[in-house]
Every structure is written in structure tokens, then in C-alpha cells.
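Each chain, written out:
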Amino acid sequence: MGNPCAVIGVGQTEYRTRRLDVSMAGLLREAAQRALQDAGLDWDDIDAVVVGKAPDLFEGVMMPEAYLADALGARGKPMMRVHTAGSVGGSTAIVAAGLVQSGLHERVLTVAWEKQSESNATWALTVNSPHNTSLVVGAGGYFAPHIRAYIARSGAPAHIGTLVAVKDRQNALKNPYAHLKIPGISREMVEATPMLWEPIRYLETCPSSDGACAMVLASEDAARRAPKPPAWVLGTSMRSEPIFFAGRDTVLPQGGRDAAADVYRQAGITDPRRELDCAEVYVPFSWYEPMWLENLGFCGAGEGWKLTEAGATALDGDIPWNPSGGVLSSNPIGASGMIRFAEAALQVRGMAGEHQVEGARRALGHAYGGGAQFFAMWIVGSDKP
Ligand SMILES: CC(=O)SCCNC(=O)CCNC(=O)[C@H](O)C(C)(C)COP(=O)(O)OP(=O)(O)OC[C@H]1O[C@@H](n2cnc3c(N)ncnc32)[C@H](O)[C@@H]1OP(=O)(O)O
């Protein structure tokens with residue numbers, strides 16, 4: 001894993017349907033400035049900048065990184081863009097951490113974002129070019145058959161997705177940055193909303209958000225001098241797999257299982273449910289909570305929905321998932337993976353505010369993207385490895 005690396009600064013924007021008050025550059029700068037402030041640093045203290053966002057067609061803005069160097073103080077410094085579809089926020093953080101772990105840089109600024117109001121990602125994933133047929137309507141249309149296969153395979157009762165939606169939306173009420181805040185959210189409210197992509201109802205899907213997230217990653221030396229507690233990186237892992245191949249298991253993707261096994265090995269974890277204190281996991285549609293519980297080895301195959309039903313993943317359960325309200329409550333796609341990683345870091349720094357998991361010392365951040373074919377994960381902890 002190389003040299004020790006820690007998160008010493010986290011900055012988030014509020015996540016909203018439309019941030020018409022700022023340009024894309026202004027949005028990023030807001031998150032980056034907050035991360036620098038948290039780390040007690042200025043632009044000059046940063047050695048390199050690593051940015052990430054989801055595919056350009058989601059916003060209809062091509063290669064924004066080409067004009068963002070000045071907004072991010074990158075003039076005269078190395079700057080690069082990472083690109084792994086929806087998992088990009090996680091992969092971007094991992095690439096940035098690698099620059100510190102390799103000994104190349106002392107302090108790296110990493111930023112991920114999406115300004116979805118500039119376009120419409122759901123339609124971008126729907127309308128194909130002339131003379132061929134679109135098979136899906138948005139990401140929900142693509143993932144719904146995978147969810148139906150999960151339900152058929154596991155025998156999960158129909159209300160499981162509803163329980164996740166209620167839990168994550170209740171958690172979002174405690175997060176000042178969350179996009180969707182629905183006071184009094186209940187099962188009845190979720191069940192009364194229209195079915196968008198069977199079995200995903202309106203209140204079981206993520207919104208489309210504008211927002212950015214930034215982190216400052218630092219060497220051991222730089223972390224020692226930071227004003228606030230660091231979150232030490234205990235393991236990182238990325239995996240990818242082709243979107244189509246015979247026998248591919250889209251319910252329990254091999255790439256996700258392999259990445260989880262790798263990151264647990266690095267962090268010395270053999271029983272994630274017992275040894276982790278909380279997890280921020282990429283759940284854009286409610287049913288992905290039980291599916292990822294199984295993919296990430298928190299339980300055996302076919303058992304994930306039982307953990308959800310028993311309340312194990314609630315804020316007061318034995319393994320809280322998405323205390324921040326998760327992707328279901330805010331989804332600026334390119335930023336969402338980094339938000340998971342940053343929220344995991346806030347938890348082990350004891351800085352998660354109202355949605356803090358009491359005494360959290362080890363947390364998982366997770367992202368996935370493309371056709372559930374890119375995976376990025378890290379484990380962070382309060383204690384230096
Ligand atoms: C790897 C991945 O990330 S896969 C996931 C990728 N992302 C997606 O698939 C996005 C899925 N969501 C959508 O496509 C859309 O948000 C839809 C279809 C659910 C709703 O579409 P629209 O009604 O056109 O939403 P629009 O963005 O214009 O928002 C209208 C209002 O509804 C709210 N809203 C949007 N989605 C939701 C939702 N799922 N639940 C509750 N409220 C919502 C918005 O906050 C907004 O309210 P505001 O004006 O008070 O801010």
C-alpha cells in the first residue's frame with residue numbers, strides 16, 4: 001500500500017436540483033475552498049490536483065477539466081482527470097491517494113462534481129442515435145431487471161426497497177448538505193408514489209443533483225501538522241469488468257466481490273459486519289442496499305434483505321449504512337462516490353455532526369458505476385496503520 005496517507009480536509013457543497021447561482025468552476029471552488037479550510041491550508045500548499053466527473057454527456061459539457069485548472073489553483077502543478085462513469089468519485093480519490101502513498105506528493109487536492117442541471121442525465125442514457133433502438137429509460141431502466149432478478153433469486157418481500165428509502169431519507173434529515181429532505185417520511189408515503197421502473201418507485205430512486213465534493217489527502221508528516229484529526233487510509237481497491245459477457249452475474253458482480261475481498265485484506269478485516277463501524281455505500285435505487293450487503297460480504301447470498309428488514313443498517317443498528325442519507329438523498333453522479341469516501345472519513349474523524357455514528361473508528365466508502373462494472377472502495381480509520 002506504500003507510505004501512510006490520510007484525509008485531512010473535507011469540503012462539500014449543498015446538493016440541490018439546480019445551483020444556478022454558480023458556474024461549474026464556482027461550484028468546484030466552493031467545495032475545494034471548504035476542504036482547504038478544514039485542512040488549515042491555502043492553495044499554495046497543494047502539490048497536485050486530481051479531478052473526476054461522470055461522462056460528459058450527462059451534463060452536455062465537453063471536457064470541463066480543460067478550463068478548470070485556474071479555478072482549482074492548478075496552474076504550474078500536475079492536474080489530471082479520472083474517468084470511470086458513476087464510480088468516478090471513488091476512483092478519483094484512490095488515484096489521488098496513490099500520489100501520496102507513492103511518496104510523489106505531500107498534499108493532493110481531489111475534487112469530484114456533477115452539475116446535472118446543465119443537461120439531463122436520465123435522457124442522455126435513454127435516447128439513442130437514429131437507426132437503433134434504445135432498450136432502457138435512464139439508469140433506472142437499466143438496473144430494474146437486475147433488481148427483479150435479485151428479488152426472484154432471494155425471495156425478498158416487496159417492502160424491502162421501501163424500508164431502505166425511509167431509512168435513508170430519515171438519515172438525510174440530519175445532514176445539512178442533503179438534497180432531498182422529506183419531513184415525516186413513512187412507508188405509506190413511499191408506497192403511494194408512482195412506479196417508475198418496476199419495482200423502483202419515485203421515492204425509491206435518487207434525485208438528479210448539482211454538487212461537488214473535495215478532499216485534501218496528505219502524507220504522514222503533513223497529517224501530523226494538520227489542525228484536525230486525520231482519517232487514515234487503511235486500504236483501497238478498484239476493479240472493472242466488461243459490461244456484456246456470457247454468464248455475467250449482474251446481481252452479484254464478480255468485480256464488486258473481488259474489490260471488497262482486496263480492500264478487507266489490506267485493512268486486516270475478516271468480518272466486515274463486526275469489524276467496521278459504519279459504511280457509506282453507493283445505493284442509487286433502494287433495492288441496491290440488500291444487493292450490495294451481499295456483494296460486499298456483510299452476509300451470505302440471499303440474506304441481505306434480512307439485515308435490512310431487521311434494522312441492522314439503521315443509524316442505531318449494529319452496522320449503519322449511509323448515515324448521511326446516501327445517494328438516494330443526493331446524487332450529483334460524478335461526485336457521489338467521493339461523497340461516500342468523504343463521509344466515511346468524517347465518521348472516523350468524529351466530524352459527521354448530527355449523523356455521527358457514536359465512536360466510529362473504521363468505515364467503508366464504496367462506489368460503483370457504468371453497467372455495475374466499475375467498483376472503487378476504501379477503508380479509513382482513526383488509527384494510523
Ligand atoms: C451509478 C448511478 O449513479 S445510477 C443513478 C443515476 N441517476 C439517475 O438515474 C437519476 C434518477 N432520477 C431521475 O431521473 C429524476 O430525478 C426523476 C425521474 C426521479 C424525477 O425527474 P424530474 O421530476 O424531472 O426531476 P427534477 O430534477 O426536475 O426535480 C423536480 C423536483 O423533484 C424533486 N425530486 C427529484 N427526484 C426526486 C425523487 N426521486 N424523490 C423525491 N423528489 C425528487 C427535486 O428535488 C425537485 O424539487 P425542487 O424543485 O424542490 O428542488
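Residues numbered from 1 in each chain as written. Predicted model: local features only at pLDDT ≥ 70, side-chain atom pairs only at ≥ 80, totals over all residues. Heavy atoms only, no water.

### Details of the sheet that holds strand β2 (residues 48–53)
Strand-to-strand pairing in sheets goes through backbone hydrogen bonds, with the strands running parallel or antiparallel. The sheet built from 9 strands is open, its strands ordered β3-β2-β4-β7-β1-β8-β11-β10-β9 with mixed pairing. The open sheet is flanked by β3 (79–82) and β9 (278–280), the only strands paired with a single partner. Put simply, the sheet's adjacent strands are angled 25° from each other on average, direction ignored. Where strand β4 (residues 107–115) and strand β7 (residues 210–219) come together, 9 bridges link them in antiparallel fashion. Residue pairing across strands places Arg 107 opposite Ala 218, the latter belonging to β7. Each of β8 (231–240), β10 (362–369) and β11 (374–381) is contacted by helix α8 (residues 254–267), which is oriented at about 155° to β8, the strand it contacts most. (Pairing = 2+ DSSP bridges. Helix = DSSP H or I, 4+ residues; strand = E, 2+ residues; numbered from the N terminus. Axes fitted to C-alpha atoms, helices over the stretch in contact; angles between N-to-C directions. Contact = heavy atoms within 4.5 Å.)

### What about the nonpolar core?
In terms of nonpolar packing, the biggest core is built from 119 residues, with Tyr 264, Trp 292, Leu 296, Phe 298 and Leu 364 touching the most fellow members. When residues in this core are grouped by element, the largest group, 10 residues, is from helix α13 (residues 333–349). Leaving out residues up to four positions away in the same chain, Trp 292 has contacts with Pro 253, Val 281, Tyr 282, Val 283, Trp 321, His 366, Tyr 368, Ala 372 and Phe 375. Counting residues in each nonpolar core, the second largest holds 6 residues, with Ala 165, Val 166, Ile 182 and Val 190 among its members. (Core = buried A, V, L, I, M, F, W, Y, C linked by side-chain atoms within 4.5 Å. Buried < 20%, exposed > 50% of the residue type's maximum accessible area, 1.4 Å probe, protein only.)

### A look at the UniProt feature "domain: Thiolase N-terminal" (unreviewed entry) in the protein chain
Within this numbering scheme, the UniProt entry marks residues 16–122 as carrying the feature "domain: Thiolase N-terminal" (unreviewed entry). Its end C-alpha atoms 17 Å apart, residues 16–122 is made of 30% helix and 18% strand. (UniProt positions renumbered as here; feature names shortened; annotations may be inferred.)

### Structural notes on helix α1 (residues 24–39)
In an α-helix there are 3.6 residues to a turn, and that puts residues three or four apart on one side. Over its 16 residues, α1 runs 23 Å from end to end, which matches the ideal 22 Å to within 8%, given 1.5 Å per residue. The set of residues buried in α1 consists of Met 24, Ala 25, Leu 27, Leu 28, Glu 30, Ala 31, Ala 32, Ala 35, Leu 36, Asp 38 and Ala 39. As for α1, its buried residues are in contact with β1 (5–12), β4, β7 and α13. Gly 40 sits one or two positions beyond α1 and adopts a positive phi of about 65°. (Expected span 1.5 Å × (residues − 1).)

### Things to note about the packing of aromatic side chains
Between two aromatic rings, the relevant description is the distance of the centres plus the angle of the planes. Enumeration over the complete set of coordinates arrives at 12 aromatic pairs. Arranged with centres 5.2 Å apart and planes meeting at 85°, the rings of Phe 298 and Trp 321 form a pair that is edge-to-face. Placement of Phe 298 in the loop between α10 (288–295) and α11 (304–309) and of Trp 321 in the loop between α11 and α12 (326–329) is noted, with a sequence separation of 23 residues between them. Looking at Phe 298, the relative accessible area reads 4%, which means it is buried. Site record: aromatic cluster; members linked through ring pairs are Tyr 142, Phe 143, Trp 197, Tyr 282, Phe 285, Tyr 288, Trp 292, Tyr 368 and Phe 375. (Phe/Tyr/Trp six-rings, centres within 6.5 Å; stacked < 30°, edge-to-face > 60°.)

### What to know about the environment of Glu 220
Along the chain, the position of Glu 220 falls in helix α7 (residues 220–224). Judged by its relative accessible area of 21%, Glu 220 is partly exposed. Taking the C-alpha atoms as reference, Glu 220 lies 9.7 Å from Pro 230; in sequence the two are 10 residues apart.

### Structural notes on unusual backbone geometry
Note the cis peptide between Glu 198 and Pro 199, where omega equals 10°. Inspection of the secondary structure assignment puts Pro 199 in the loop between β5 (195–197) and β6 (200–201). In this structure, Met 63 takes a positive phi of about 45° despite not being glycine. Structurally, Met 63 can be placed in the loop between β2 and β3. Here Ala 85, not a glycine, exhibits a phi torsion of approximately 50°, which is positive. Here Ala 85 shows up in the loop between β3 and α2 (88–101).

### Comments concerning the site of the ligand
What surrounds the ligand is a group of 19 residues, the closest being Thr 17, Thr 122, His 179, Thr 205 and Tyr 282. At 2.6 Å from an oxygen atom of the ligand is found a side-chain nitrogen or oxygen belonging to Thr 17. Tyr 282 places a polar side-chain atom, nitrogen or oxygen, 2.7 Å from an oxygen atom of the ligand. Spatially, the ligand is embedded in the largest pocket. Residue composition of the shell around the ligand, grouped by class: 12 nonpolar, 6 polar and 1 charged. (Near = heavy atom within 4 Å. Polar contact = N/O pair within 3.5 Å; in protein donor to acceptor, adjacent residues only side chain to side chain. 1 Å grid on protein atoms, 1.4 Å probe; cavity = no way out; pocket = protein on both sides within 12 Å on 5 of 7 lines; lining within 4 Å. Sits in = over half its atoms within 2 Å of the grid points. Nonpolar A, V, L, I, M, F, W, Y, C, P; charged D, E, K, R; others polar.)

### Quick notes on the layout of surface pockets
Of the voids in this model, the largest pocket is the one considered here, and its volume is about 920 Å³. The wall of the largest pocket is formed by 40 residues, among which Leu 125, Gly 138, Ala 139, Gly 140 and Phe 285 lie closest to the centre. Residue assignment for the lining of the largest pocket shows that the elements contributing at least two residues are α3 (121–124), α4 (138–154), β5 and β10. With 5 residues, the top contributor of residues to the lining of the largest pocket is α4. Residues belonging to the lining of the largest pocket are distributed by class as follows: 25 nonpolar, 14 polar and 1 charged. (Points joined across faces, edges and corners; volume = space filled by probe spheres on them.)

### Examining the environment of Ser 87
Tracing the sequence through the fold places Ser 87 in the loop between β3 and α2. Distance from Ser 87 to Gly 337, taken between C-alpha atoms, is 5.6 Å for residues 250 residues apart in sequence. Among residues more than four places away in sequence, those in contact with Ser 87 are Ala 367, Tyr 368, Gly 369, Phe 374 and Ala 376.

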